[in-house]
Amino acid sequence: MNVVTPQIRTAAEQALVDAVDQHLAAVPIAGRVGELRRAAAAAFATHGLPHRRVEEWKYTDLRAILREAPPLAGPLDAASEAEATFKALSVPGAKRILFVNGALARPASDLLALEGGIAALPLDSALAAGEPMADRVGALAPQRYDGPLALNTAFLGEGLVVRVAAHAKIAAPLHIANVFTKDDPATTYGRVVVLVEEGAQVTLVESFQGRDGVAYQTNSALELSVADGAHVDYVRVQEEGDAALHLGTVMLEIGRNAQFHSFTQTSGARASRVSVYGRFSGTHSHAGLRGATLLKGRQHADTTLLLDHAVGHCESRELFKTVLADESHGVFQGKIVVRPDAQKTDGRMMSRALLLGETAEMDNKPELEIFADDVQCGHGATAGELDEDLLFYLKARGIPQKEAEALLVQAFVGEAIEFVEHDALRELLIARAEAWLARRA
Amino acid sequence: MTALLEIRDLKAEVAGRQILNGLSLTVNKGEIHAIMGPNGAGKSTLSYVLAGKPGYEITGGEVLLNGEDLFAMAADERAAKGLFLAFQYPLEIPGVATLTFLRAALNAQRRKRGEEELSSPDLMKRVRELSKKLGIDPDMLRRPLNVGFSGGEKKRNETLQMALLEPLLCVLDETDSGLDIDALKVVANGVNQLRAPERGMIVITHYQRLLDYIVPDVVHVLAAGRIVETGGKDLALQLEATGYAQYQGEAA
Ligand SMILES: Nc1ncnc2c1ncn2[C@@H]1O[C@H](COP(=O)(O)OP(=O)(O)O)[C@@H](O)[C@H]1O
Ligand SMILES: [Mg+2]
């Protein structure tokens, strides 16, 4: 957008602008990252929260949704930490790093100092120590203004930097668990910066959970660089509390001959939006971006994806499945951009929604923007109800209605989950989906 | 003695059109009844009405299964009470493994009958035995139900389900369609092994051929939504010679 329409700030926007000012003064950061933070604060003061007249936010009017700006959560107490340790998702065989109410719980976390090829450091100490890794903050940020990301950058402080050394093969998944335990609303900002160096291999898991009935807000951003020849699996589990607002930004850069597979499972929060910015910067790489979203009640979940084939000879596969019960609302926006030089690009994107509730709604917007001529790209979107004939077949074998529905829904999301290669993670995701269905029945 | 199935003057509509026009039929325990008839006579409609498929409106008559009002039960209850329909066109269910489906079906029926669920190893053992008898490749059990199965494999799979669920009344809708002679023998053999004094069967077919392998006690001709003739197994042979032309006029 070239024209900046001056906008009267909402009360929440004003509160955020004031909170940013306080934060900048209270938590000083020097150098390039400090400047980045000031720039983000200034951008937010100018543009504020995105609203429905901003194309990418058409179906998720954040200015209307974010009416309150709860304060930062404040220092961590032992009781919350104990509760979170117990409640956080447990991934078999994983090293877990725990953030409680936005703050790193050091004693409960497996912080790693380049042990067996992987290092995970708190962002604040990395910044203070002038770690070169910390200097990568913001490196993958998109050119265009992104409201939640601007806030995440302006509130920079808590987070993690992870480095996987060249050619290291890390067997244990690294799990970054976020749990919100407070009784009162608060806002958490977390920034995770991951560099997987040449030829390295790792599985990364992020999970988000929190207390039901509390209108807290999570604003999370991940910057993930997959260097040449690296192989990265990324699983994101969003099971926030039922009154929460979840804003996520996932930024990816994929080098040459690299493999990247992600899976996002979303069933939490009153409202959520995840923006994914992916970019191929080297040829002959493969990316598979997939997800399953399970919504009920009046939940709203938006997945918006921008995948930039900046160079040629890369393959991308996107498959997103959304199950919508009751009056829930799902959004999928996906755009594959193929640059003029990105010949031999092979990109395929599919979004499928299953409407279980009569007033449930899905907005599907897959798009291709192709500037090269020798490419193979396709996209599709479907939205439909459960197949009556299949339901009858199951019932004719004695399976009751609810169970028959659950089997078909399970099968529907299963077709996406089956792409997760890590056995324990795949089983975990299937079990979480089953639990969601069982709660519904 | 209560009949296993008693259909009295059954009338049913689909899409506002009357298809079953006062059909009556009684099947006792231990009996095999064949229903033959021209295409479009209402054979599949009868089987769907019995199984409880949505979209069929019962406009007259009644059906009793072991003396109980069939239409008062939902489709899954009918199955738990022992009714089994082998579909003319078995459906494909992507994402549901055959074994998962078999387990869900068997255990749902057992729960409804107040019986204990079958443990996974016991189920596995039982399914493997039955698969072997029916010439079903055990690998097929892990594949999604009927997806990519040949016509013959689908019909074997229906027979496997029937053998596992041990229903009291089996309704086989054109089980022979799409089968070559070898597959037909395997399936017919599977069906014959289910013959039992407490069990009844309705074998629906267009051709007499199937009845060489599954020999019925009674043969009915269904035309224009009614049973128009009933006889012994010779009636099937007679029909093979004369065709259904003589009954076509009944459609009035
Ligand atoms: N869903 C439907 N909608 C409209 N007509 C139907 C439907 N199902 C069956 N019919 C009609 O009912 C009649 C009987 O069909 P069917 O029971 O399938 O016959 P059969 O199995 O004996 O060949 C046919 O004329 C068929 O066109
Ligand atoms: Mg038929």
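Structure first, text after, so check above.
All values reported here derive from a predicted model rather than from experimental measurement.

Enquirer: Would you explain the site of ligand 1 in this entry?
Expert: All names here are of chain B. Around ligand 1 sit Val14, Ala15, Arg17, Ile19, Gly37, Asn39, Gly40, Ala41, Gly42, Lys43, Ser44 and Thr45, and that is every residue in its neighbourhood. The set of elements that each furnish at least two residues to the shell around ligand 1 consists of strand 2 (17-27) and helix 1 (43-51). Of all the elements, helix 1 adds the most residues to the shell around ligand 1, at three residues.

Enquirer: Quick question: what am I supposed to make of the sheet that holds strand 14 (residues 286-295) of chain A here?
Expert: Two orientations exist for strands paired in a sheet by backbone hydrogen bonds: parallel and antiparallel. Residues and elements named next belong to chain A. An order of 2-1-6-8-10-12-14-16-18-20 is seen for the 10 strands of this open sheet, with the pairing classed as mixed. The open sheet has two edge strands, strand 2 (103-104) and strand 20 (376-384), and neither has a second partner. Relative to strand 2, strand 1 (residues 95-100) runs antiparallel, the two being bridged by two bridges. Each bridged residue has a counterpart across the sheet, and for phenylalanine 99 the counterpart in strand 2 is leucine 104.

Enquirer: Looking at this structure, I do not really get the sheet that holds strand 9 (residues 169-173) of chain B. What am I missing?
Expert: All names here are of chain B. Across the sheet, which stays open at both edges, the six strands sit in the order 6-9-10-3-11-12 with mixed pairing between neighbours. If you trace the sheet from one side to the other, it starts and ends with strand 6 (83-86) and strand 12 (226-231), each paired once. Ignoring strand direction, the axes of neighbouring strands in this sheet form an average angle of 20 degrees.

Enquirer: Would you explain the interface of chain A and chain B in this entry?
Expert: The figure often quoted for interface size is the accessible area lost as the parts come together. Taken together, the 17 residues of chain A in the interface contact 19 residues of chain B. Listing elements by their share of the side of chain A that touches chain B, those giving two or more residues are helix 7 (388-395) and helix 8 (401-417) of chain A.

Enquirer: Hey, could you run me through the packing of helix 5 (residues 151-165) of chain B against helix 6 (residues 181-192) of chain B in this one?
Expert: Residue and element names in this part refer to chain B. For the pair helix 5 and helix 6, the least separation of the axes is 10 Å and the interaxial angle reads 10 degrees. With respect to their mutual orientation, helix 5 and helix 6 come out roughly parallel. Between helix 5 and helix 6, the residues in contact are Gly152, Lys155, Arg156, Thr159 and Ala163 and Ala183, Val186, Val187, Gly190 and Val191, respectively. Of the residues belonging to the contact of helix 5 with helix 6, the class tally is five nonpolar, three polar and two charged.

Enquirer: Whenever I open this one, the packing of helix 8 of chain A against helix 9 (residues 423-440) of chain A confuses me. Can you help?
Expert: To characterise two packed helices, one gives the angle between the axes of the helices and the distance between these axes. All names here are of chain A. Relative orientation of the contacting elements helix 8 and helix 9 amounts to 150 degrees, with a least axis distance of 10 Å. Classified by the angle their axes make, helix 8 and helix 9 are roughly antiparallel. The hand of the helix 8/helix 9 crossing is right-handed. Contact residues: Ala406, Val409, Gln410, Val413, Gly414 and Ile417 in helix 8; Arg426, Leu429, Ile430, Ala433, Glu434 and Leu437 in helix 9. Here the residues of the contact of helix 8 with helix 9 sort into eight nonpolar, two polar and two charged.

Enquirer: Could you clarify how one ought to interpret the environment of alanine 215 of chain A in this entry?
Expert: Residues and elements named next belong to chain A. Structurally, alanine 215 is set in the loop between strand 8 (201-210) and strand 9 (217-226). Considered as a pair, alanine 215 and proline 70 are 145 residues apart in the sequence and their alpha carbons are 8.5 Å apart. In this structure, alanine 215 is in contact with Glu68, Pro185, Ala243 and Ala244, ignoring residues within four places of it in sequence.

Cut-offs applied
- Residue positions within a chain follow its written sequence, with the count starting from 1.
- Written order decides the labels, with chains lettered from A and ligands numbered from 1.
- Totals for whole chains, interfaces and linings use every residue, but because this is a predicted model, local features are given only for residues with pLDDT of at least 70 and side-chain atom pairs only at 80 or more, for both listing and counting.
- Proximity of a residue to a molecule or strand is defined by its backbone-placed C-beta atom lying within 6 Å of that partner.
- Helix and strand definitions here come from DSSP, where helices need a minimum of 4 consecutive H or I residues and strands a minimum of 2 consecutive E residues; each element is numbered from the N-terminal end.
- Strands were regarded as paired on the criterion that DSSP finds at least two bridges between them.
- Where helices are involved, their axes are fitted lines through C-alpha atoms of the stretch in contact, as for all axes, and angles between N-to-C directions lie from 0 to 180°.
- Two residues qualify as a contact pair if the distance between their C-beta atoms, derived from the backbone, is within 7 Å.
- If an angle is under 35 degrees, it is roughly parallel; if it is over 145, roughly antiparallel; if it lies from 65 to 115, roughly perpendicular; otherwise it is oblique.
- Ten residue types, Ala, Val, Leu, Ile, Met, Phe, Trp, Tyr, Cys and Pro, are classed as nonpolar, four, Asp, Glu, Lys and Arg, as charged, and the remainder, Gly among them, as polar.
- Should the near helix be turned anticlockwise from the far one by less than a right angle, the crossing is left-handed, and should it be turned clockwise, the crossing is right-handed.

Everything listed here is a matter of coordinates, which is why it stays silent on function.
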